[in-house]
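Notes for the structure review
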Amino acid sequence: MNDNSKRLAMAIVLSVIVTVMYMNMFVPKPIVNNQNLNNVQATNQASVNQANVANNQVANQNLNINNVNNNNANSNSNPVKVNNNVEKQRIPTLEELREASKKFITNVAEIEISELGGRIISYKLRKYHKAVDSQELVELIDVKPNGLYPLALIYDNGKRDDLVKYSFSINSNNVNKIDENTFEIQGDAQIVLTSDADNLKKVITLKTDSYLFDVSFPTLSNTDNAWIEWNNALNNIDIDRYNEFSILYLLRDKKTNVDSINSYKLPSDYAPIVDLGDNIWLSAGYKYFANILIPQAAGNNTRYGVINGNLVLQGKLSSESKNIKVYAGPRDKDILVNEGYSLEKSINFGFFTFIAAPLHSVLKFFYKILGNYGLAIILLTLVIKLLFLPLTSTSIKSMKKISDLQPKMQELRNKYGKDPAEMQRQTMELYKKYNVNPLSGCVPIFIQIPVFFGLYSALLNSIDIRQAPFALWITDLSVKEELHVFGIGVPVMILLMGLSMFIQQLTTPTVGDPAQRKAMLITPIIFTVIFIVSPFPSGLVLYWLTNNLISIVQQKVLKAEGDKISPLKGTLIGSAVIYGLAYILTLL
């Protein structure tokens, strides 16, 4: 193998390594691994068997919450030792819960609440469907069979209201009764669940246009160790790089008075309840939707762990108002900002949040004008490329100077190829003689990288892109794009992206030896294969394709600057053509 072949092979290997590093550093990963899932499933199976045995026993396990002794004061230790003895008592089945349930319909949600334990057994979002072609609503309650359902009242000594038999009443005139078990909430309403036998009252306050609701216990005499619980099944967490499940909390820093967003992974042993300290809220959910507990109590007020194979979030009740607030809904920035509590910080843009957040706002602004998120993505990409034109111009000019020196560089290779040290010295002398800085072409590119990664993050994590159509067969910018031809899915836009990347490499000034040039021409093929094997959401592919197309235009006009057209004018004309063609596609 000659030197050029060796260099080509090495360049290809390095390209693959860089690509893999990029996928692992910047593409979201799931937080659950198969080993942990197996542990959870095994734990849950034991719990289910135990629950089935207990279900055959006839027993009345009513709970008098107010008689609980305050023997387990909350500790600052981590993890907290909590006597969660739910595995030792009977867990109501879904059938039992549903038999005693009623449905409450607001403008944004359909909420099914059971009188047995006062549990929310279904919470469907009326404005969001599971798929573009589906009428099935997004469901935020995800619990394993014979598992725990959200909104349990618990104490540190393990006392719970799982089997408390509440009775319903509605404290509002803003309710329309559809049938015996279905009610339409037309304003604010209090769903009051009362258990006289247990001297317990659970009040759920709903607002018809809000995903935020309040849960209070006005009759509790002792809230020192009282917590509200929200649950999510672990084995239903999909392994999906582009729809990660995350646990986030907003830390309240009393010293600096600055709140900071933090993330947590599940405990390694999937058992202890972990104390998270004094936080504004605690959140769990996928990329587009979240369940968030917002404690009104100060001090150590949030914790999480796993019980019976279900992820458990716990928020402490306030000793004054004896309540907690819950947000269950979309990670939509406008909605979250309107609800308060800095909930918008639950949108996880990652490391480049400081860039992604403002770009996301600009994207939404363009959508309000254009009415199509595909066109908004294209316009935002073109505007960014226009703003970076001076840096691009500097980079291209520098690369062109180096390209013009390639004949002289080849002479040096022929003369000093066997003496690397002398070759390096002669090369630097050549650069110095012709006033060429080999790094000047890279610096402008490095400056642009954070912005492009920020835009990437904004597109990847924006719920606005979810089920947003663009044109023709592209009906959802948040999923992979395929045109079905004779029953075969063809990723047309990815192929066009690969072709445009290849053309872009051809138009880029040559700055390396022939082996490096060959490697650069092979890189688009490698990226195209990666995109096909592990498809990106079509909104991201559209951004990449647009970026490639306008980059080709800029490179052409910059290389021929002064001959026919100025770089600015060429960029504007190219942008107008690209946008115009995209707009025509939306009309077809």
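Here, every reference points to the structure presented above.
Note that the structure is a prediction, hence the values are computed from the model and not measured.

**Observations regarding the overall build of the protein**
When you go through the protein residue by residue, the secondary structure sums to 14 helices and 22 strands. Burial status across the protein gives 53% buried among its 588 residues. Taking as baseline every contact in the protein between residues at least 6 positions apart, the subset at least 24 positions apart corresponds to 68%.

**Description of the pairing of strand 16 (residues 279-285)**
Summarising burial for strand 16: seven of the seven residues are buried, a large majority. Pairing analysis gives six bridges linking strand 13 (residues 246-252) to strand 16, with the strands arranged antiparallel. Bridging from a neighbouring strand, Leu248 pairs with Ser283 of strand 16. Sheet topology note: the strand 16/strand 17 (residues 289-295) ladder contains three bridges and is antiparallel. The residue bridging Ala284 from the neighbouring strand is Asn291, located in strand 17.

**A closer look at the sheet that holds strand 5 (residues 152-155)**
If you trace the five strands from one edge of the open sheet to the other, you get 5-12-19-18-15, paired in antiparallel fashion. For this open sheet the edge positions go to strand 5 and strand 15 (274-277), each flanked by a neighbour on one side alone. Averaged over all pairs of adjacent strands, the angle between their axes in this sheet comes to 30°, without regard to strand direction. Taken together, the four bridges between strand 5 and strand 12 (residues 226-233) define a ladder with antiparallel strand orientation. Within strand 12, the residue paired with Ala152 across the bridge is Glu229.

**Thoughts on the sheet that holds strand 7 (residues 175-179)**
An order of 4-3-2-1-8-7 is seen for the six strands of this open sheet, with the pairing classed as mixed. Every interior strand has two partners, whereas the edge strands, strand 4 (137-139) and strand 7, have only one. With direction set aside, neighbouring strand axes in the sheet form an average angle of 25°. Pairing geometry for strand 3 (residues 120-129) and strand 4, over three bridges, is antiparallel. Counterpart to Leu125 in the pairing with strand 4 is Val138.

**A look at helix 6 (residues 373-387)**
The periodicity of an α-helix, 3.6 residues per turn, causes residues three or four positions apart to be oriented the same way. Here helix 6 contains 15 residues, and its C-alpha end-to-end distance of 21 Å stays within 8% of the 21 Å for a straight helix at 1.5 Å per residue. Counting buried residues along helix 6, 11 of its 15 residues qualify, which places the element largely inside the surrounding structure. N-cap assignment for helix 6: the residue whose side-chain oxygen lies 2.7 Å from the backbone N of Gly374 is Asn372.

**Some points on helix 11 (residues 492-507)**
Taking 1.5 Å per residue as the helical rise, helix 11 with its 16 residues ought to reach 22 Å, and the 23 Å between its terminal C-alpha atoms agrees with that figure. Where helix 11 is concerned, the buried positions are Met493, Ile494, Met497, Gly498, Ser500, Met501, Gln504, Gln505 and Thr507.

**Brief notes about the packing of aromatic side chains**
One pass over the full model with this rule turns up 15 aromatic pairs. Here Phe365 and Phe366 contribute two aromatic rings whose centre-to-centre distance is 6.0 Å and whose plane-to-plane angle is 45°, an arrangement assigned as tilted. Put simply, the rings of Tyr456, Phe527, Phe531, Phe536 and Trp544 pair up and form one aromatic cluster. A cation over an aromatic ring shows up here: Arg303 above the ring of Trp227, its NZ or CZ 3.7 Å from the ring centre.

**Re a nonpolar patch on the surface**
A grouping of Leu472, Ile573, Val577, Leu581, Tyr583, Ile584, Leu585, Leu587 and Leu588 is seen on the molecular surface, where their side chains present a nonpolar patch of about 870 Å² in accessible area. Residue position: Ile584 is located in helix 14 (residues 567-587). Ile584 gets classed as partly exposed once you look at its relative accessible area, which sits at 44%.

**Quick word on unusual backbone geometry**
The residue Asn199 is not glycine, and still its phi comes out positive at about 50°. Mapping Asn199 onto the fold places it in the loop between strand 9 (188-195) and strand 10 (200-207). Residue classification places Asn199 among the partly exposed positions, given a relative accessible area of 44%. Its identity as a non-glycine residue notwithstanding, Phe486 has a phi of 55°, on the positive side. By the secondary structure assignment, Phe486 is in the loop between strand 21 (483-485) and strand 22 (488-490). Overall, the relative accessible area of 84% leaves Phe486 in the exposed class.

**What to know about the side chain of Ser283**
Here Ser283 lies in strand 16. Those residues in contact with Ser283, other than ones at most four positions away along the chain, are Ser246, Ile247, Leu248, Ala290, Asn291, Ile292, Leu313 and Arg331.

**Digging into the pattern of salt bridges**
Going through the model one piece at a time under the given rule, you end up with 14 salt bridges. In this structure, the salt-bridge partner of Arg98 is Glu112, at a minimum N-O distance of 3.5 Å. Linking Arg98 in helix 3 (residues 94-99) with Glu112 in strand 2 (residues 109-114), this pair joins segments that are 14 residues apart in sequence. Owing to a relative accessible area of 41%, Arg98 belongs among the partly exposed residues under this scheme.

**What about the nonpolar core?**
With 74 residues, the main nonpolar core has Ile120, Tyr123, Phe213, Phe217 and Trp230 as its most contacted residues. Excluding residues that lie within four positions of it along the chain, Tyr123 makes contacts with Ala109, Glu110, Ile111, Val138, Glu139, Leu140, Ile141, Tyr211, Phe213 and Ala328.

**Describing the pairing of strand 17**
Among the seven residues of strand 17, seven are classified as buried, and the element is accordingly described as predominantly covered. What you see with strand 17 is no split at all: Phe289, Asn291, Leu293 and Pro295 on one side and Ala290, Ile292 and Ile294 on the other are buried throughout. The hairpin turn running from strand 16 into strand 17, its antiparallel successor, is three residues long. Two strands pair when backbone bridges link them, and strand 17 and strand 20 (residues 323-330) are joined in this way by seven bridges, in the antiparallel orientation. The partner of Ile292 across the bridge, within strand 20, is Tyr327.

**A closer look at the environment of Gly315**
Mapped onto the secondary structure, Gly315 falls in strand 19 (residues 310-316). Taking the relative accessible area as the measure of exposure, Gly315 reaches 0% and is therefore buried. Residues Gly315 and Thr302, spaced 13 residues apart in sequence, show a C-alpha to C-alpha distance of 4.8 Å. Ignoring any residue separated from it by four or fewer positions in sequence, one finds Gly315 in contact with Trp227, Ile228, Leu293, Pro295, Asn301 and Ile324.

Calculation criteria
- Residues numbered from 1 in each chain as written.
- Predicted model: local features only at pLDDT ≥ 70, side-chain atom pairs only at ≥ 80, totals over all residues.
- Heavy atoms only, no water.
- Helix = DSSP H or I, 4+ residues; strand = E, 2+ residues; numbered from the N terminus.
- Buried < 20%, exposed > 50% of the residue type's maximum accessible area, 1.4 Å probe, protein only.
- Contact = heavy atoms within 4.5 Å.
- Pairing = 2+ DSSP bridges.
- Axes fitted to C-alpha atoms, helices over the stretch in contact; angles between N-to-C directions.
- Expected span 1.5 Å × (residues − 1).
- Polar contact = N/O pair within 3.5 Å; in protein donor to acceptor, adjacent residues only side chain to side chain.
- Phe/Tyr/Trp six-rings, centres within 6.5 Å; stacked < 30°, edge-to-face > 60°.
- Lys NZ or Arg CZ within 6 Å of the ring centre and 35° of its normal.
- Patch = residues over 30% accessible without salt bridge, like charges linked within 9 Å, V, L, I, M, F, W, Y side chains within 5 Å.
- Areas by Shrake-Rupley, 256 points an atom, 1.4 Å probe, with all protein chains shown as cover.
- Salt bridge = Lys/Arg side-chain N within 4 Å of Asp/Glu carboxyl O.
- Core = buried A, V, L, I, M, F, W, Y, C linked by side-chain atoms within 4.5 Å.

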